[in-house]
Amino acid sequence: MDAELWTKVSDLSPLKAAGRLGLLYAVYYVLYAAYAVTLSPLAKIPGPITRKFSYMPCVIMNMRGRESHAVRDLHRKYGPVVRVNPEMVSFTGPTAWKEIYGYPGAKKFKKFGYRQLRPGVPDLLTANGADHSRQRAALNRAFSEKALREQEHHFQEHIDLFLSRLEEKCDEKEPLNITQWIEFLAFDIIGTLAFSSSFHCLEDRGYHPWVLLLLNFFKSTHYVLAARMCGIFFPLVLALGPIRDLRKGEEHLRRSYAKVQERIKMPEDDRRNDFWTYISRQNEQKEGSMSVEEMEVNAALLIPAGSDTIATAVAGCLYLLLKHPDTLARLRKELEAEFRSESDITMPRLAGLPYIRAVVDEALRMYPPISGELRRAVPPEGAVVCGHFIPGDTIISVYALASCDNASNFAQPKRFTPERWLTTDERPDWTRNDHLEASQPFSVGPRNCIGMGLAYAETKLILARLLFRFDLELLDDEFNIDNQKVYVMWQKPPLSVRLSRRKV
Ligand code: HEM
């Protein structure tokens, strides 16, 4: 800066200097907005003008917990390719999942914006290349069909307690919020599988403080992701948000690490069969299949990944079934034809029943537990996605809710119709053009959900035993999916029911 200009600047009062800076920023912003809307390589991607030059609509909707719904609505208006914000494009075309996340797309489009739980220690969600392949191969054994068979008694025992707790609530005049009991069950099961130590929510008839901490943490994580889009205003926006809850993330990590240490010291037990039983066996055979530090961070990942997702799936199935008595009747018929008593219900026998699977698939379509974006980055040279050339460094994603609640992919998407998922000759005519591949609640390809098999088996077992034992009456529509908010996970409202014991 030359001396004369410097003197002029330093002579300005702080107020005037701020004013000039503000003006300069405004000029820059107007020029940038004009570029983003007209000349940017993404300018032609359809979407509202405000989303093309500003992150604000995206930030505001995220903070309100309504971004998944907003993106769904944008696709209804603008079609299968939509500009979500200046750097991000969302797709709903039926091939989008496969092109972005499947083989070989997954090699081209790397995960974007995922952060390691402990810097320097890869966990399955953030690991790349060889680390991911090694950890995935190691954990695959803990999620195999054989492992699930050996773990089934854990599920059955927790469900026994869940159902006996619900029996205490039978015929009560007060409505029962079954959402929270489903959450207790899902967290207790994942505690047993990940730490050999239940959270004891069912025993104590209440949320364990660690579970409450996690539920709040989801919300604050979501808030931080939104605040990050605010650039230089990030600290300000963060300070206005639930910043205290962020510490809860650290607390979760500390507790998880301590639990893994306790678990490692536990004596051998043939009935344990938790995730680490399978990892330890491999570590003995093949040195270093997973280090203790990696076990710690993966335990911290598996708890949130395998708890609230399941609770959402079970609560969603139940809500939709109670809203549709004919579907519920057809499901009961299938269950009663297969099982003479509740004690006959097992995971392998449920695996052979088509209608309960169709019910779960349809509920996951209408209420996908992970409803929002799964970000991937386009390589610097750019790439063609769903027939559109997308320039390098753009962020791309499929939003599950947008892809599933979309009339181009599913006829009458708001109509709960498990029959869509049955074999061709059993599908109603009006669903024959559905693009079933557009619903991928577990994602696809090498980074899809490792817990998919477990999730189907667990959801079906809980549902089947619950419906076998009780008649349930839905008391209000507070659970209405369209009104719910998403902060990473759905903020599930009370699902109010009245229970009575069935006489079969
Ligand atoms: C209905 C239940 C579930 C749904 C809808 C679901 C959905 C998903 C989705 C969409 C992903 C991909 C995430 C991404 O690309 O960022 C994922 C990954 C993952 N899920 Fe699930 N999940 C469910 C249950 C579970 C369970 C029960 C577990 C374990 C106990 C689990 C563990 C994981 C892990 C570890 C990953 C990371 C996999 C990798 O990157 O290789 N999930 N899940």
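Keep in mind that what you see is a predicted model, and the values were worked out from it rather than measured. (Residues numbered from 1 in each chain as written. Predicted model: local features only at pLDDT ≥ 70, side-chain atom pairs only at ≥ 80, totals over all residues. Heavy atoms only, no water.)

In this section: the overall build of the protein chain. Across its full length, the protein chain holds 22 helices and 12 strands. Taking 504 residues into account, the globule formula puts the C-alpha radius of gyration at 23 Å, and the protein chain, at 25 Å, falls close to it. The dimensions of the protein chain, computed from C-alpha atoms along their principal axes, are 90 × 60 × 50 Å. Looking at the 504 residues of the protein chain, the share that counts as buried comes to 53%. (Helix = DSSP H or I, 4+ residues; strand = E, 2+ residues; numbered from the N terminus. Rg over C-alpha atoms; globule rule 2.2 N^0.38 Å. Buried < 20%, exposed > 50% of the residue type's maximum accessible area, 1.4 Å probe, protein only.)

Only one protein atom coordinates the iron atom of the ligand: Cys449 (SG), located 2.3 Å from the metal. Along the chain, the position of Cys449 falls in the loop between helix 21 (400–404) and helix 22 (452–469). (Donors = N, O, S within 2.8 Å, 3.2 Å for Na, K, Ca; no water.)

Looking now at the packing of aromatic side chains. Evaluated as defined, the whole model comprises 17 aromatic pairs. Aromatic pair Tyr25 and Tyr28: ring centres 6.1 Å apart, planes at 40 degrees, arrangement tilted. Residue Tyr25 and its partner Tyr28 are both found in helix 2 (residues 14–39); the two are separated by 3 residues, about one turn of the helix. Ring centres of Phe442 and Tyr456 lie 5.3 Å apart, and the angle between their planes is 45 degrees; this geometry places the pair in the tilted category. Highlighted residues: Phe442 in the loop between helix 21 and helix 22 and Tyr456 in helix 22, separated in sequence by 14 residues. (Phe/Tyr/Trp six-rings, centres within 6.5 Å; stacked < 30°, edge-to-face > 60°.)

On to the pairing of strand 1 (residues 81–85). Across the 5 residues of strand 1, 5 count as buried, placing the element largely inside the fold. In the sheet, strand 1 pairs with strand 2 (residues 88–91) via 4 bridges, with the strands oriented antiparallel. Bridged to Arg83 within strand 2 is Val89. Between strand 1 and strand 2, which pair antiparallel and follow one another directly, the connecting turn spans 2 residues. (Pairing = 2+ DSSP bridges.)

Right, let's get into the site of the ligand. Surrounding the ligand, one finds 30 residues, the nearest of these being Tyr114, His132, Arg136, Arg376 and Cys449. Residue Leu124 places a main-chain N or O atom 3.4 Å away from an oxygen atom belonging to the ligand. Within the side chain of Arg447, an N or O atom sits 3.5 Å from an oxygen atom of the ligand. Elements with a minimum of two residues in the shell around the ligand: helix 8 (129–142), helix 16 (292–305), helix 17 (308–323) and helix 22. Grouping the constituent residues of the shell around the ligand by class yields 20 nonpolar, 6 polar and 4 charged. (Near = heavy atom within 4 Å. Polar contact = N/O pair within 3.5 Å; in protein donor to acceptor, adjacent residues only side chain to side chain. Nonpolar A, V, L, I, M, F, W, Y, C, P; charged D, E, K, R; others polar.)

Bringing the pattern of salt bridges into the picture now. This structure, assessed with the given rule, holds 41 salt bridges. Residue Asp160 is joined to Arg465 by a salt bridge in which the shortest nitrogen-to-oxygen separation is 2.7 Å. With Asp160 in helix 9 (residues 145–168) and Arg465 in helix 22, the pair connects residues that are 305 residues apart, well separated along the chain. When its relative accessible area of 5% is taken as the criterion, Arg465 is described as buried. Residue Arg502 pairs with Asp471 through a salt bridge whose shortest N-O separation is 3.4 Å. Taken together, the residues span a long stretch of sequence, with Arg502 in the segment after strand 12 (496–501) and Asp471 in strand 9 (residues 470–474) at a distance of 31 residues. A relative accessible area of 18% places Arg502 in the buried class. Salt bridges sharing partners connect three or more residues here, namely Arg72, Asp73, Arg76, Asp405, Lys414 and Asp482. (Salt bridge = Lys/Arg side-chain N within 4 Å of Asp/Glu carboxyl O.)

Tracing the backbone shows Thr459 in helix 22. Those residues in contact with Thr459 that sit more than four places away from it in its chain are Ile310, Ala313, Val314, Cys317 and Val360. (Contact = heavy atoms within 4.5 Å.)

The omega torsion of the bond from Tyr103 to Pro104 falls at -5 degrees, within 30 degrees of zero and hence cis. On the secondary structure map, Pro104 appears in the loop between helix 6 (96–101) and helix 7 (105–108). Its identity is not glycine, yet Asn273 carries a phi of approximately 45 degrees, on the positive side. Inspection of the secondary structure assignment puts Asn273 in the loop between helix 14 (246–265) and helix 15 (275–285). Accessibility expressed as a relative area gives 7% for Asn273, which makes it buried. Residue Ser443 is not a glycine yet carries a positive backbone phi of 65 degrees. Examined against the element boundaries, Ser443 turns out to sit in the loop between helix 21 and helix 22.

A surface patch of nonpolar side chains, amounting to about 710 Å² of accessible area, comprises Tyr25, Tyr28, Ile232, Phe233, Leu236 and Leu240. Within the residue set of the nonpolar patch, elements represented by two or more residues are helix 2 and helix 13 (234–240). (Patch = residues over 30% accessible without salt bridge, like charges linked within 9 Å, V, L, I, M, F, W, Y side chains within 5 Å. Areas by Shrake-Rupley, 256 points an atom, 1.4 Å probe, with all protein chains shown as cover.)

Moving on, we come to the packing of helix 8 against helix 15. Running from N to C, helix 8 and helix 15 point in directions that differ by 125 degrees, and their axes come no closer than 7 Å. As the angle between them shows, helix 8 and helix 15 are arranged oblique. Considering the relative orientation of helix 8 and helix 15, their crossing is right-handed. Within the contact between the two elements, helix 8 uses Ala137, Ala138, Leu139, Arg141 and Ala142 and helix 15 uses Phe275, Tyr278, Ile279, Gln282 and Gln285. Classifying every residue of the contact of helix 8 with helix 15 by side-chain character gives 7 nonpolar, 2 polar and 1 charged. (Axes fitted to C-alpha atoms, helices over the stretch in contact; angles between N-to-C directions. Parallel < 35°, antiparallel > 145°, perpendicular 65-115°, else oblique. Left-handed = near helix turned anticlockwise from the far one by under 90°.)

Our next topic: the UniProt feature "transmembrane region" (unreviewed entry) in the protein chain. Annotation from UniProt places "transmembrane region" (unreviewed entry) at residues 22–43. Taken end to end, residues 22–43 is 82% helix and 0% strand, and its two terminal C-alpha atoms sit 26 Å from one another. (UniProt positions renumbered as here; feature names shortened; annotations may be inferred.)

This part covers the side chain of Ser54. Along the chain, the position of Ser54 falls in the loop between helix 3 (49–53) and helix 4 (56–63). Polar contacts involving the side chain of Ser54 include one to the main-chain amide nitrogen of Met56, which spans 2.9 Å. What Ser54 contacts, discounting residues up to four positions off in sequence, is Tyr29, Asn85 and Pro86.

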